[in-house]
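# Commentary on secondary and tertiary structure
Chain by chain, the residues run as shown.
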Amino acid sequence: MKTLQDFNFKNKKALIRVDFNVPFDEHFNVTDATRIEAAKPTIDKIIADGGSVILMSHLGRPKGKEDRFSLKHIVKTASEILGTEVQFASDCRGDEVQNAAKNLQPGEVLLLENLRFYKEEESGDVAFAKELASLGDIYVNDAFGTAHRAHASTTIIARFFPENKCFGILLAKEIESLNKVLKNSEKPVTAVLGGSKVSSKITVIENILDKIDHMIIGGGMTFTFVKALGGKIGNSICEDDKMELALEILKLAKQKGVQIHLPVDMVIADSFSNDAKTQIVDVDKIPDGWQGLDAGPKSLEAIRKVIMESKTILWNGPLGVFEMPKFANGTISLGNFIAESTANGAFSLVGGGDSVAAVKQFGLEPKMSYVSTGGGAMLEMLEGKSLPGIAAFAE
Ligand code: AMP
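Keep in mind that what you see is a predicted model, and the values were worked out from it rather than measured.

Let us look at the side chain of T146. Relative to the elements of secondary structure, T146 occurs in the loop between β5 (138-141) and β6 (165-167). Apart from residues lying up to four places away in sequence, T146 is in contact with R17, H58, R116 and T154.

As structure tokens, this is what we get:
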């Protein structure tokens, strides 16, 4: 599989699939431009080579052509970030865009209108992919966030560039970082899995058990395990129908020599609220009427020890209800432990929507080795699935 460095883009038109699916305020100001900034290294390299750039992306989930989902709203921000005036094509197919692409000069950047204004994008329509493909000389995929979708612009299009296709810098970095955890990892490897439910993480757990030495379980998931082991969990969240599965995971981990670390104490609350009364108790002695909402101090001390000894760390999911300040301590502490271990030479990868949000909220992003940009895509890779947008490059 080729990367950007394998090509010289001089006088070539690079057709790049980016993920510019950014959030707006009510006046259509971009409120978080991370995804545009993330694509900049790829765009810069192509321009520096003397090439031109055609950017294609989706934005939201429009039903047909809806103005509020137009990519015209991001032109100003994109121009500022890229340091050049981004041209905008008010459609992604048809004569206007064909002409704009044909007339594009080296150094220029053209942004196409939202691909999802056509249902052919998500259905993976071959004719639509072929039309898009006709706009550029080299296809670059730099959209990790949609790599798990077999859409026209992320997957089908690759077949029209038998030789001239490559991953962008961002996508290559995502794959490299995941491989550092799943394939060429330095031991001991620790996975921290938190969040609300066992059911949403079960396939990840099953797939990574072969690749790790320690698994730290936290967050709401904890209580399904604790109850299955005979503990009292009060009103904490629990998936009763997953208790048997939890016991099976523990058995499997033992067989595979993976050490499981469950919290030993919890911050419990008398209601799901930041104003709740709280106390700290053993994880298996939670009184009725109370619920566990964050990891307790003894749990954090044990987690710290494991994290400091680890050489590779994967973090997915918060340790508590970090959205409420009263129950954010566990997640913040964990972030700090991982930051400290990373400073000591460990490789840390944070992925999955809520842990990424937590790391950003608490200013820990620069202290992690890598923070993934693709929630769903990252989870599917951790589940051991082949992503269509990546597999298309092997064909
Ligand atoms: P997930 O999307 O599965 O990673 O879950 C993330 C959510 O889990 C966050 O919104 C947290 O507030 C929530 N969460 C973490 N710990 C707990 C807990 N002990 N009880 C209820 N929800 C929790």
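Regarding helix α5 (residues 126-133), the residues found buried are F128, A129, L132 and A133. Projected down its long axis, α5 shows its buried positions confined to an angular sector of 140 degrees, all on one face. Next to the buried residues of α5 lie β1 (13-17), β2 (52-56), β4 (109-112) and α4 (119-123).

By nearness alone, 15 residues border the ligand, and S196, K201, G292, E323 and D354 come closest of all. The contact in question runs from an oxygen atom of the ligand to an N or O atom on the side chain of E323, over 2.5 Å. With respect to the ligand, the side chain of D354 contributes an N or O atom lying 3.2 Å from an oxygen atom.

Another point: the domain arrangement of the protein chain. Splitting the protein chain by domain gives domain 1 (4-171) and domain 2 (185-382). In this assembly, seven residues from domain 1 lie in contact with ten residues from domain 2. For the pairing of domain 1 and domain 2, the buried interface totals around 680 Å² over both sides, and the portion due to carbon and sulfur atoms is 62%. Counting the surface domain 1 buries against domain 2, the share from its top three residues, F144, H148 and L170, is 69%. For the interface between domain 1 and domain 2, the tally reads zero salt bridges. One can count zero residue pairs in polar contact (both at pLDDT 80 or more) joining domain 1 with domain 2. Its residues assigned to classes, the side of domain 1 that touches domain 2 shows two nonpolar, three polar and two charged.

Below, the discussion takes up the sheet that holds strand β15 (residues 312-316). Two strands in a sheet stick together by hydrogen bonds in their backbones, pointing the same way (parallel) or opposite ways (antiparallel). Taken in spatial order, the six strands line up as β10-β8-β7-β15-β16-β17 in an open sheet, and their pairing is parallel. The sheet is open, and its two borders are formed by β10 (259-261) and β17 (370-371), each paired with just one other strand. Looking at chain direction, strand β16 (residues 347-350) and β17 are connected through two bridges and run parallel. Each residue of the ladder has a partner; that of L349, found in β17, is Y370. Packing of helix α6 (residues 169-182) onto the sheet brings it into contact with β15, β16 and β17, and relative to β16 it is tilted by some 120 degrees. Strand contacts of helix α11 (residues 329-343): β7 (189-193), β15 and β16, with the helix running at about 155 degrees to β15, the strand carrying the most contacts.

In terms of nonpolar packing, the biggest core is built from 65 residues, with L112, F144, I157 and M215 touching the most fellow members. A total of six residues in this core trace back to one element, the largest contributor, which is α6. Residue contributions to this core reach at least three from each of two domains, namely domain 1 (4-171) and domain 2 (185-382). When sequence neighbours within four positions are dropped, the list of residues in contact with F144 reads L171, E174, L178, S372, T373, G374, A377, M378, M381 and L387. Ranked by size, the runner-up nonpolar core spans 29 residues in total, among them L4, L71, V140 and C166.

Here is what the cut-offs are and how they apply
Residues numbered from 1 in each chain as written. Predicted model: local features only at pLDDT ≥ 70, side-chain atom pairs only at ≥ 80, totals over all residues. Heavy atoms only, no water. Helix = DSSP H or I, 4+ residues; strand = E, 2+ residues; numbered from the N terminus. Contact = heavy atoms within 4.5 Å. Buried < 20%, exposed > 50% of the residue type's maximum accessible area, 1.4 Å probe, protein only. Arc of directions from axis to C-beta. Near = heavy atom within 4 Å. Polar contact = N/O pair within 3.5 Å; in protein donor to acceptor, adjacent residues only side chain to side chain. Domains from an automatic or database assignment. Buried area = accessible area lost by both parts, 1.4 Å probe. Salt bridge = Lys/Arg side-chain N within 4 Å of Asp/Glu carboxyl O. Nonpolar A, V, L, I, M, F, W, Y, C, P; charged D, E, K, R; others polar. Pairing = 2+ DSSP bridges. Axes fitted to C-alpha atoms, helices over the stretch in contact; angles between N-to-C directions. Core = buried A, V, L, I, M, F, W, Y, C linked by side-chain atoms within 4.5 Å.

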